[in-house]
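A closer look at the structure
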Amino acid sequence: DMAPGTPPVTVALISDIHVAGPDMPPERLERIVAQINALRPDAVMIAGDLVSEKKLATHIYEPDEIVAPLGGLRAPLGTFVVPGNHDHWYDLEGLASQLVQRGITVLANEAVEAGPLLIGGLDDEYTGHGDIGKTLAAMDEREGARLFLSHSPDPLPDLPQGSLILAGHTHCGQVQLPVIGIVFTQSRYGKRFACGRTDDPRGIAIVGAGLGTSGLPLRFDTQPEIWLIELRPPERTPTAADVSD
């Protein structure tokens, strides 16, 4: 929890940018970055999958082309990225190098303080790179209101009770059909954390629909999303001293 009296913090959450032709060239990402900046977030969190190598891609871009638009993000507490499965499959080292050059923090089973927040950044669970124990150990060395940034929401049931996780990966199905709804989430929990905010017995998951596409360069009945999340300290519980006769 944030300490009482701490000013609210706004966090912009994006994920699954999947830069590739035809639907997500760097020029489109530049326009999205301008939209994010117009929201004036205190921090930007990117929940993995900067790139896509989808079978029907018309163009695969180089790491510098993929990352360059993200260098335009403006947030006083910083911009933070965790790897996704496509980033590992593509060239995580090349992407991370470009991100760091632009002042963007890459977290892979690491933790960092950002103003009143303590961000635990998990490496990608889907490809087996996530390490919750290592991330928690890094967080224990630091102070702040805890939240987790992860490509997939799947780590939530294995995190401490009451955790908050910001994630993507599911694309909210990318394709939703009448009656059937979400067809496929790539989550081992099916539709449990498929889309949006889920108040789960283990904690809260906020899962964005992402910006780009994977597999086929199309969406059906799902929209690209930028989440703007306001984190506030809990309201103080009145004490006996607050009660007057």
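Residues numbered from 1 in each chain as written. Predicted model: local features only at pLDDT ≥ 70, side-chain atom pairs only at ≥ 80, totals over all residues. Heavy atoms only, no water.

Let us now look at empty space enclosed by the protein. Scanning the model with the defined rule gives one cavity of 30 Å³ or more in all. Size it by volume and the largest cavity reaches roughly 40 Å³. Looking at the largest cavity, the residues that line it are Leu-50, Val-81, Val-82, Pro-83, Asp-87, Leu-92, Leu-95, Ala-96, Leu-99 and Val-106. Among the elements that line the lining of the largest cavity, the one with the most residues is helix H4 (residues 92–101), at four residues. Split into classes, the residues belonging to the lining of the largest cavity amount to nine nonpolar, no polar and one charged. (1 Å grid on protein atoms, 1.4 Å probe; cavity = no way out; pocket = protein on both sides within 12 Å on 5 of 7 lines; lining within 4 Å. Points joined across faces, edges and corners; volume = space filled by probe spheres on them. Helix = DSSP H or I, 4+ residues; strand = E, 2+ residues; numbered from the N terminus. Nonpolar A, V, L, I, M, F, W, Y, C, P; charged D, E, K, R; others polar.)

Glancing now at the packing of aromatic side chains. Under the criterion given, the structure shown has two aromatic pairs. Here Trp-89 and Tyr-126 contribute two aromatic rings whose centre-to-centre distance is 6.4 Å and whose plane-to-plane angle is 65 degrees, an arrangement assigned as edge-to-face. Remark: Tyr-126 occurs in the loop between strand E6 (117–121) and helix H5 (132–140) and Trp-89 occurs in helix H3 (residues 85–90); sequence separation between them is 37 residues. Ring centres 5.7 Å apart and planes at 75 degrees place the aromatic pair Tyr-189 and Phe-193 in the edge-to-face group. We note Arg-192 situated over the ring of Tyr-189; from NZ or CZ to the ring centre the distance is 5.2 Å. (Phe/Tyr/Trp six-rings, centres within 6.5 Å; stacked < 30°, edge-to-face > 60°. Lys NZ or Arg CZ within 6 Å of the ring centre and 35° of its normal.)

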